[in-house]
Amino acid sequence: KNFKDMKFPKAILESLAKKKIEKPSPIQMQGLPTILSGRDLIGIAYTGSGKTLVYVLPLIMFCLEQEARLPFNRDEGPYGLIICPSRELAKQIHENIEHFTSNFRKHGLPAIRTCLAIGGIPTSEASDIIRSGVHIMVATPGRLMDMLNKKIVTLDVCRYLCLDEADRMIDMGFEDDVRTIFSYFSGQRQTLLFSATMPKKIQNFARSALVQPILVNVGRAGAASMNIVQEVEYVQPEAKICYILDCLRKTSPPVLIFAERKQDVDTIHEYLLLKGCGAVAIHGGKDMEERLRSIAEFKGGRKDILVATDVASKGLDFPEIQHVINYDMPEDIENYVHRIGRTGRGSSTGVATTMINAKVDEAVLSDLKHLLIEAKQRVPPFLASIITEADQLNEDMGSDGCGYCGGLGHRITACPKLENVQAKKAGDIGKKDYLAESAADY
Ligand code: AMP
């Protein structure tokens, strides 16, 4: 029940203290001993539960052990590989690892080298570190595939694989890439899979990629954090942009604003700048440098507001977000949970405001209604009045809701997300590289 009992060295305990992390969170109490003992693991945890440390700390320990036994030579490694869906998240994981390994020399421990393999930065940055022997690699699937193909890196000594945000990775069409990456492994490995939701597709994927995994489930997969006050407001489409200013009065900064479409992100950003607010914006249409700069300004507290599409909604850790404003309701409830999960992290509380109106699909509103009920939040009259077929029949949908997306307001036969995926697949038949194209949309 504490980090000391897990026998982490002084250097790591010191770095934990620096981040004011004193006591392991529930997923850490269950996940750390599991991984340290060598077992495969599926971790289902709401965002902000502290899952990054669950796979980062054991990996650092294993690397220290390897290095002590037989130091890594030039061109050797990585021993551990962490794959995640977005560049921003990869960068954040990389920073986290560096935070924990940077004081090793001071404590007389061997240096642990970590490299970042993501699009938008030169491959040479990673290959320079690989050349001197690398222990840990944090990568997005596209860049990693490219480097494997070009033989810039091999997975010959890789024995530890972590897939973070696995649900998002599969959603973005990276499943084939990830399976191809598996084929580059040459030895038995320990595999960890983390996901906020656990739809059937991920369950099947996990079954084929992991060996007798231990399942650590903190809360219902897809449930929202209880630390968030969720407010849902009925706002007419044309009044939405002005309503943002009202929302901003609710809390102090920092505030995150989400919109589905890139154009809306730009419009909101421009509107806020005109009103004199300190805002930055990120979406897939902006170049990497600008995205990273905006995130750094927001993280550093130099800007109060970040306007973003869902690229930023998953995995990115912005400490102390006070308020998440959803300019629109996402197409599926999973995204809603991910978005609002940016606030109320750790033990702090947060507010999430979501604008809805009659244009929003009824199925997702029904999911939202049930999610609010589950999290003991106020259900506005407009939402309460939505009675779906499933409600009417009072059918038992099971405590996990829809088998595909985990939404509580419908069954798999009426799943809007599944319908979208199927429609997209049907539309894409004949298109050559449709997975890459859909991934580029984010
Ligand atoms: P994660 O879910 O891994 O993205 O972590 C969310 C945030 O919680 C990060 O800022 C961590 O530094 C922080 N955190 C992780 N573990 C703990 C803990 N045991 N106690 C307090 N904060 C933590």
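**Q** Could you give an account of the sheet that holds strand β6 (residues 190-195), with specific residues and numbers?
**A** In spatial order, the strands read β3-β4-β2-β5-β6-β1-β7; together these seven strands make up an open sheet with parallel pairing. Each end of this open sheet is capped by a strand with a single partner; those strands are β3 (114-117) and β7 (214-218). The average angle at which neighbouring strand axes cross in this sheet is 15°, direction not considered. Relative to strand β5 (residues 160-163), strand β2 (residues 80-83) runs parallel, the two sharing four bridges. Residue Ile83 lies in a different strand from β5, and its bridge partner there is Leu163. The sheet strands contacting helix α9 (residues 200-209) are β1 (41-45), β5 and β6, and the helix crosses β6 at an angle near 170°.

**Q** Let's hear about the nonpolar core: which residues, and what values?
**A** Nonpolar side chains in soluble globular proteins tend to be buried together. Ranked by internal contacts, the top residues of the largest apolar core, which has 45 residues, are Ile12, Tyr55, Ile82, Ile93 and Phe194. The element best represented in this core is helix α3 (residues 51-69), accounting for 11 residues. If we skip the residues at most four places from it in the chain, Phe194 touches Ile27, Ile35, Leu41, Gly43, Lys51, Val54, Tyr55, Cys162, Leu163, Asp164, Glu165 and Ala166. Ranked by size, the runner-up nonpolar core spans 36 residues in total, among them Ile83, Ala117, Met147 and Met198.

**Q** With reference to specific residues and values, describe the side chain of Thr101.
**A** Mapped onto the fold, Thr101 is located in helix α4 (residues 87-101). Leave out the neighbours within four places in its chain, and Thr101 touches Ile60 and Ile112.

**Q** Quick one: what's the story with the site of the ligand, residue by residue and with numbers?
**A** Close to the ligand lie Ile21, Lys23, Pro24, Ser25, Gln28, Gly48, Ser49, Gly50, Lys51, Thr52, Asp317 and Arg345. In this structure, Ser25 approaches the ligand through a main-chain N or O atom, which is 3.4 Å from a nitrogen atom. Gly50 has a polar backbone atom sitting 2.8 Å from an oxygen atom of the ligand. Within the complex, the protein chains bury 80% of what would otherwise be the 490 Å² of accessible surface of the ligand.

**Q** Please give an account of the state of the cysteines that cites residues and values.
**A** This structure, assessed with the given rule, holds zero disulfides. Residue Cys247 stays outside any disulfide, its sulfur separated by 11 Å from that of Cys242, the closest cysteine. In this structure Cys247 comes out as buried when scored by relative accessible area, which is 1%. With no disulfide of its own, Cys277 lies closest to Cys247 among cysteine sulfurs, the gap being 12 Å.

**Q** Can you lay out helix α6 (residues 141-149) for me, pointing to particular residues and giving the numbers?
**A** When α6 is considered as a whole, its buried residues turn out to be Pro141, Arg143, Leu144, Met145, Met147 and Leu148. Where α6 is buried, its residues contact β2, β3, α5 (123-131), β4 (136-139), α7 (166-171) and α8 (175-182). Residue Lys151 follows α6 closely and has a positive phi angle near 60°.

**Q** Tell me about unusual backbone geometry, residues and numbers included.
**A** Outside of glycine, negative phi angles account for most residues, and trans bonds account for most peptide bonds. Residue Pro78 is bonded to the preceding Gly77 through a cis peptide linkage, with omega at 5°. A cis amide bond links Pro253 to the next residue, Pro254, at an omega of 0°. Its place among the elements puts Pro254 in the loop between α10 (240-248) and β9 (255-258). A positive phi angle is found at Gln212, which is not glycine, with a value near 35°. Relative to the assigned elements, Gln212 resides in the loop between α9 and β7. Even without being glycine, Lys376 reaches a positive phi, approximately 55°. Tracing the sequence through the fold places Lys376 in the loop between α14 (362-374) and α15 (381-384).

**Q** Describe the pairing of β9, with residues and values.
**A** By the alternation rule, side chains of β9 split into Val255 and Ile257 and Leu256 and Phe258, which are all buried. Looking at chain direction, β9 and strand β11 (residues 305-308) are connected through four bridges and run parallel. Looking across to β11, one finds that Phe258 is bridged to Ala308. Of the strand pairs in this sheet, β9 and strand β12 (residues 323-326) are connected by four bridges, and their pairing is parallel. What sits directly across from Phe258, in β12, is Asn326.

**Q** For the sheet that holds strand β13 (residues 350-356), give the residues involved together with the corresponding values.
**A** Strand order across the open sheet formed by six strands is β8-β13-β12-β9-β11-β10, with parallel pairing between neighbours. The open sheet terminates on both sides in strands that have one partner only, identified here as β8 (228-234) and β10 (279-282). Averaged over all adjacent pairs, the angle separating strand axes in this sheet is 15°, with direction ignored. Each of β8, β9, β12 and β13 touches helix α13 (residues 333-340); the most contacted strand, β12, lies at about 150° to it. Along the sheet, α14 makes contact with β8 and β13, crossing β8 at roughly 140°.

**Q** Go over the pattern of salt bridges, please, and point to the residues and values.
**A** Inspection of the entire model under this criterion finds 20 salt bridges. Here Glu88 ties to Arg291 by a salt bridge, and the two come within 2.9 Å at their closest N and O atoms. Taken together, the residues span a long stretch of sequence, with Glu88 in helix α4 and Arg291 in helix α12 (residues 288-299) at a distance of 203 residues. Accessibility classification places Glu88 together with Arg291 in one group, the buried group. The shortest N-O distance in the salt bridge between Asp328 and Arg339 comes to 3.5 Å. Taken together, the residues span a long stretch of sequence, with Asp328 in the loop between β12 and α13 and Arg339 in helix α13 at a distance of 11 residues. Each member of the pair, Asp328 together with Arg339, is buried. Several salt bridges converge on common partners, so that one network encompasses Glu260, Asp310, Asp328 and Arg339.

**Q** So what's going on with the packing of helix α2 (residues 26-36) against α3? Residues and values would help.
**A** Between α2 and α3, the least distance of the axes is 9 Å, while the angle of their chain directions is 30°. By the angle class used here, α2 and α3 are roughly parallel. Between α2 and α3 the crossing geometry is right-handed. From α2, Ile27, Gln28, Gly31, Leu32, Ile35 and Leu36 reach across to α3, where they touch Lys51, Leu53, Val54, Tyr55, Leu57, Pro58, Met61 and Phe62. In the contact of α2 with α3, the residues fall into 11 nonpolar, two polar and one charged.

Quick notes on the rules
- Residues numbered from 1 in each chain as written.
- Predicted model: local features only at pLDDT ≥ 70, side-chain atom pairs only at ≥ 80, totals over all residues.
- Heavy atoms only, no water.
- Pairing = 2+ DSSP bridges.
- Helix = DSSP H or I, 4+ residues; strand = E, 2+ residues; numbered from the N terminus.
- Axes fitted to C-alpha atoms, helices over the stretch in contact; angles between N-to-C directions.
- Contact = heavy atoms within 4.5 Å.
- Core = buried A, V, L, I, M, F, W, Y, C linked by side-chain atoms within 4.5 Å.
- Buried < 20%, exposed > 50% of the residue type's maximum accessible area, 1.4 Å probe, protein only.
- Near = heavy atom within 4 Å.
- Polar contact = N/O pair within 3.5 Å; in protein donor to acceptor, adjacent residues only side chain to side chain.
- Areas by Shrake-Rupley, 256 points an atom, 1.4 Å probe, with all protein chains shown as cover.
- Disulfide = S-S within 2.5 Å.
- Salt bridge = Lys/Arg side-chain N within 4 Å of Asp/Glu carboxyl O.
- Parallel < 35°, antiparallel > 145°, perpendicular 65-115°, else oblique.
- Left-handed = near helix turned anticlockwise from the far one by under 90°.
- Nonpolar A, V, L, I, M, F, W, Y, C, P; charged D, E, K, R; others polar.

These figures come from the coordinates and say nothing about function on their own.
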